[in-house]
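Working through the structure, step by step
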Amino acid sequence: MARPAATKRWSEPPSSDDVSLARIALIERGTPWKLAAGAFGWARSGSGSVLILEGPRGVGKTPLIAAMRTLATQSGIRVLRASGHRRERHSRFGVLVELLDSELGGIEPPSDAPPEPTFGELHRLFRIFRELARQGPVAMLVDDADLADDASLRTLLYLIERLDELPLAIVLACESVAGSAPELFRELCRSRRVSRCPLERLSARGTNRRLAKRWPAVPDDLSSEIHRLTAGNAFLIDAVAADVVAGESATEVGLGDAASVRIAEWAMARAAEINANAPGLLRAAAVLGETCELRHATALAGLAPQAAAQMLDRLAEAGLLTASEALIFTEPVVAEALRRTQPAGERGNMHLRAARLLAEEGAPELDVGELLLAAPRMGDPWVVEVL
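A quick note: this is a predicted structure, and the numbers were derived from the prediction, not measured. (Residues numbered from 1 in each chain as written. Predicted model: local features only at pLDDT ≥ 70, side-chain atom pairs only at ≥ 80, totals over all residues. Heavy atoms only, no water.)

1. A few points about the pairing of strand E4 (residues 168-174)
Burial analysis of E4 places seven of its seven residues in the buried class, the great majority of the element. Residues Leu168, Ile170, Leu172 and Cys174 line one face of E4 and the alternating positions Ala169, Val171 and Ala173 line the opposite face, and both faces are buried. Note: strand E1 (residues 49-54) against E4, six bridges, orientation parallel. Bridge pairing in E4 places leucine 53 opposite alanine 173. Crossover strand E3 (residues 138-143) to E4 through helix H6 (residues 150-160) is right-handed. (Buried < 20%, exposed > 50% of the residue type's maximum accessible area, 1.4 Å probe, protein only. Helix = DSSP H or I, 4+ residues; strand = E, 2+ residues; numbered from the N terminus. Pairing = 2+ DSSP bridges. Right-handed = clockwise from strand over helix to strand, strands pointing away.)

2. Topic: the packing of aromatic side chains
Scanning all chains against the criterion turns up three aromatic pairs. Look at phenylalanine 119 and tyrosine 158: their rings are 5.8 Å apart centre to centre, the planes differ by 75°, and that puts the pair in the edge-to-face class. Of this pair, phenylalanine 119 sits in helix H5 (residues 119-135) while tyrosine 158 sits in helix H6, and the two are 39 residues apart along the sequence. Exposure remark for phenylalanine 119: the relative accessible area of 56% places this residue in the exposed category. Measuring from ring centre to ring centre gives 6.1 Å for phenylalanine 126 and tyrosine 158, while their planes differ by 75°; the resulting arrangement is edge-to-face. Highlighted residues: phenylalanine 126 in helix H5 and tyrosine 158 in helix H6, separated in sequence by 32 residues. Grouping residues by exposure puts phenylalanine 126 and tyrosine 158 together as buried. Ring pairing ties together the aromatic residues Phe119, Phe126 and Tyr158, which thus form one cluster. One cation-aromatic arrangement involves arginine 162 over tyrosine 158; the distance from NZ or CZ to the ring centre is 3.5 Å. (Phe/Tyr/Trp six-rings, centres within 6.5 Å; stacked < 30°, edge-to-face > 60°. Lys NZ or Arg CZ within 6 Å of the ring centre and 35° of its normal.)

3. Observations concerning the packing of helix H8 (residues 204-214) against helix H10 (residues 234-246)
Close contact between H8 and H10 brings their axes to 11 Å; oriented N to C, the two are set at 50°. Regarding the angle of H8 to H10, the classification is oblique. Both H8 and H10 take part in a crossing whose hand is right-handed. From H8, Thr207, Arg210, Leu211 and Arg214 reach across to H10, where they touch Ala234, Ile237, Asp238 and Ala241. Grouping the amino acids of the contact of H8 with H10 by side-chain chemistry returns four nonpolar, one polar and three charged. (Axes fitted to C-alpha atoms, helices over the stretch in contact; angles between N-to-C directions. Parallel < 35°, antiparallel > 145°, perpendicular 65-115°, else oblique. Left-handed = near helix turned anticlockwise from the far one by under 90°. Contact = heavy atoms within 4.5 Å. Nonpolar A, V, L, I, M, F, W, Y, C, P; charged D, E, K, R; others polar.)

4. Observations concerning the sheet that holds E4
Spatially, the five strands line up as an open sheet ordered E2-E3-E4-E1-E5, and their pairing is parallel. Bordering the open sheet on either side are strand E2 (78-83) and strand E5 (194-198), each of which pairs with just one other strand. Strand-to-strand twist in this sheet, taken as the mean axis angle between neighbours without regard to direction, amounts to 15°. Sheet analysis places E3 next to E4, joined by five bridges and oriented parallel. Within the sheet, the bridge partner assigned to valine 142 lies in E4 and is leucine 172. Each of E1, E2, E3 and E4 is contacted by helix H3 (residues 61-74), which is oriented at about 170° to E3, the strand it contacts most. Where helix H4 (residues 94-101) meets the sheet, it contacts E2 and E3, and its direction lies at approximately 145° from that of E2.

5. Here's the deal with empty space enclosed by the protein
This model, assessed by the stated rule, comprises three cavities of 30 Å³ or more. Lining the largest cavity are Ile24, Ala25, Ile27, Arg29, Val59, Gly60, Pro63, Leu202, Arg210 and Ala234. Residue composition of the lining of the largest cavity, grouped by class: seven nonpolar, one polar and two charged. Roughly 40 Å³ of volume is contained in the second largest cavity. Taken together, Asn208, Leu211, Ala212, Val218, Pro219, Asp220 and Ser223 make up the lining of the second largest cavity. Element by element, the count of residues in the lining of the second largest cavity is highest for H8, at three residues. Partitioning the lining of the second largest cavity into residue classes produces four nonpolar, two polar and one charged. (1 Å grid on protein atoms, 1.4 Å probe; cavity = no way out; pocket = protein on both sides within 12 Å on 5 of 7 lines; lining within 4 Å. Points joined across faces, edges and corners; volume = space filled by probe spheres on them.)

6. Observations regarding the nonpolar core
Side chains of a nonpolar character, in soluble globular proteins, are inclined to be buried together. Counting 52 residues, the largest nonpolar core has Ile263, Leu282, Leu315, Phe329, Val333, Val334 and Leu338 as its most contacted members. Contributions of two or more residues to this core are made by helix H9 (223-230), H10, helix H11 (257-274), helix H12 (278-288), helix H13 (294-301), helix H14 (305-317), helix H15 (332-341) and helix H16 (344-360). The contact partners of leucine 282, leaving out residues within four places of it in the chain, are Ala267, Met268, Ala271, Leu315, Leu320, Leu321, Phe329 and Leu338. Ranked by size, the runner-up nonpolar core spans 42 residues in total, among them Val50, Ile52, Val95 and Leu188. (Core = buried A, V, L, I, M, F, W, Y, C linked by side-chain atoms within 4.5 Å.)

7. Comments concerning the state of the cysteines
Under the criterion given, the structure shown has zero disulfides. The structure places no disulfide on cysteine 174, whose sulfur is separated from the nearest cysteine sulfur, that of cysteine 189, by 5.6 Å. Classification of cysteine 174 as buried rests on a relative accessible area of 0%. (Disulfide = S-S within 2.5 Å.)

8. Observations concerning H10
For H10, built from 13 residues, the straight-helix expectation of 18 Å at 1.5 Å per residue is met to within 8% by its first-to-last C-alpha distance of 18 Å. Buried residues dominate H10, accounting for 10 of its 13 residues. Turning to H10, its buried residues are Ala234, Phe235, Leu236, Ile237, Asp238, Ala239, Val240, Ala241, Asp243 and Val244. Those residues of H10 that are buried lie in contact with H8, H9, H11 and H15. Its side-chain oxygen 3.0 Å from the backbone nitrogen of phenylalanine 235, asparagine 233 forms the N-cap of H10. (Expected span 1.5 Å × (residues − 1). Polar contact = N/O pair within 3.5 Å; in protein donor to acceptor, adjacent residues only side chain to side chain.)

In structure tokens form, the structure reads like this:
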């Protein structure tokens, strides 16, 4: 990878809209904000550091990274930024090219090279970052860093191991540092130079503050219900709030078609990233409701028990379901959206199959009857007898 001539193309100052969104992103984010400010301060004093922000999808990592970019820019620090992408994980040095191109421009990725970067390539990249840092403090911000390509992760590891005397603040946002993350990323996170900061969902008070700042048209008395439905997930709060504001009446929380489609697509896409059959397990859990157990959802989705158990662990890690005896959606609004967007015929047939599964196990007639009420009316003698 050739080193381009350095330019003075510094990051543009933040707009008033950027500042407003940053204030919203910082609700209940005092700890990561202080850690980032500390990292930028260390960079200005000539020392390097690494901060990893870890939280489930939709918790607000991307807006927080944007707010930190604003802070770094206002502090006079050069900003390099990039994002990892699942579909680009096999693009050699993809994230590193984006990082350098965001500030210098003219970066070309190497071609016809083996996937594993050589020592010479790693050291040449290190020298580029070292030269940038000699010109002044640098902040490197990478969103979805756990989705970065292996060559970029190896370069970050090489850089972090030589970070002590570089005025470089590295901030990486990721969904998880658990078993589903690439081994290279987990190795990076184990470095003694790394500080990890978990990002939790918003509290009820935090949800209320977000609604007041971003969705002032939403009545205050709906805040607690929106928080219950979304469990404080920032993406879902916005989706539900937008639905309330767009509705004819803003006196109650009701999930409309637009929000249902948006939320269902978000959840199903996340499940499909885990396993091609995971969306089916998620649908089954939504149909069965709050009393759903893994064995019932497994049978309804047509999965092998061992495979379903592994999927449940990953869905729980992603924050979609809770890993317990009953399969409970972490955010109830996701279950509602999945039910609303499922084709009527498919949903009805799943309710009928679910009712038979529960009846065969001797489940309470009330539970079986609730499922049958949502099943298609076909004059089935068994259904008539139960109802």
